[in-house]
Amino acid sequence: MIEMSRADFEVLVAQALDEVPEELAALIDNVAVFVEDEPPASDPELLGIYEGIPLTERGHYYGGVLPDRITIYRNPTLRMCETVDDVVDEVNITVVHEIAHHFGIDDARLHELGYG
């Protein structure tokens, strides 16, 4: 397992968010991003999760709701990676994957695009 502080991991997540093209970043609406050490016990290898209402499912009724939530899990990412470069790559993939869910893209399509 790669050793990396939570603060350093959070920097990688922030850098991955900064890499989102400006045109897409401008469309992200009402989303908060978090880093947690461990995922739920029911899915110990989960790298990230999007919880909320995708843009494609929001209607005229949408408003006055708490932000959607993207959580990136540090320890499973560190456990699966062999190098710091692997961690950087996996964080980038995971961040894009979860943002894509915000845009209504499902797992099957993400796997086709290489973000599985």
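Higher on the page you've got the structure.
As the structure is a prediction and not an experimental result, all values here were calculated from the model.

1. Topic: the side chain of Arg58
Now for step 1: With respect to the element layout, Arg58 can be found in the loop between strand S2 (48–51) and strand S3 (68–73).
Now for step 2: Those residues within four positions of Arg58 in sequence are excluded, and the remaining contacts are Asp29, Asn30, Tyr50, Ile53, Asp68 and His102.

2. With respect to the pairing of S3
Now for step 1: Burial of S3 is extensive: five of the six residues sit out of reach of the surface.
Now for step 2: Alignment of strand S1 (residues 31–36) against S3, held across six bridges, turns out to be parallel. Counterpart to Glu36 in the pairing with S3 is Tyr73.
Now for step 3: Judged from the four bridges that link them, S2 and S3 form a sheet pairing that is antiparallel. Paired with Tyr50 across the two strands is Ile70, which belongs to S3.

3. What about the sheet that holds S3?
Now for step 1: With mixed pairing, three strands are arranged side by side in an open sheet as S1-S3-S2. The two strands at the open ends of the sheet, each matched to only one other strand, are S1 and S2. Mean inter-strand twist for the sheet, computed between neighbouring axes without regard to direction, equals 15°.
Now for step 2: Strand contacts of helix H1 (residues 6–18): S1 and S3, with the helix running at about 150° to S1, the strand carrying the most contacts.

4. What to know about a negative patch on the surface
Now for step 1: A cluster of acidic residues, Glu82, Asp85, Asp86 and Asp89, forms a negative patch on the protein surface.
Now for step 2: Tracing the backbone shows Asp85 in helix H4 (residues 84–102).

5. Overview of the packing of H1 against H4
Now for step 1: Direction vectors running N to C along H1 and H4 enclose 55°, while the axes themselves pass 9 Å from each other. Between H1 and H4, the angle falls in the class oblique. Handedness of the crossing formed by H1 with H4: right-handed. Of the residues in H4, those touching H1 at Phe9, Leu12, Val13, Ala16 and Leu17 are Val87, Val88, Val91, Asn92, Val95 and Ile99.
Now for step 2: Taken together, the residues of the contact of H1 with H4 sort by class into ten nonpolar, one polar and no charged.

6. Quick notes on the side chain of Arg74
Now for step 1: You can see Arg74 is positioned in helix H3 (residues 74–80).
Now for step 2: Of the polar contacts made by the side chain of Arg74, one reaches the backbone oxygen of Met4; its length is 2.5 Å.
Now for step 3: Arg74 has contacts with Met4, Ser5, Arg6, Phe9, Val35, Glu36 and Asp37, leaving out every residue within four places of it along the chain.

Cut-offs and rules
- Residues numbered from 1 in each chain as written.
- Predicted model: local features only at pLDDT ≥ 70, side-chain atom pairs only at ≥ 80, totals over all residues.
- Heavy atoms only, no water.
- Helix = DSSP H or I, 4+ residues; strand = E, 2+ residues; numbered from the N terminus.
- Contact = heavy atoms within 4.5 Å.
- Buried < 20%, exposed > 50% of the residue type's maximum accessible area, 1.4 Å probe, protein only.
- Pairing = 2+ DSSP bridges.
- Axes fitted to C-alpha atoms, helices over the stretch in contact; angles between N-to-C directions.
- Patch = residues over 30% accessible without salt bridge, like charges linked within 9 Å, V, L, I, M, F, W, Y side chains within 5 Å.
- Areas by Shrake-Rupley, 256 points an atom, 1.4 Å probe, with all protein chains shown as cover.
- Salt bridge = Lys/Arg side-chain N within 4 Å of Asp/Glu carboxyl O.
- Lys, Arg positive; Asp, Glu negative; His and termini not counted.
- Charge placed at Lys NZ, Arg CZ, Asp CG, Glu CD.
- Parallel < 35°, antiparallel > 145°, perpendicular 65-115°, else oblique.
- Left-handed = near helix turned anticlockwise from the far one by under 90°.
- Nonpolar A, V, L, I, M, F, W, Y, C, P; charged D, E, K, R; others polar.
- Polar contact = N/O pair within 3.5 Å; in protein donor to acceptor, adjacent residues only side chain to side chain.

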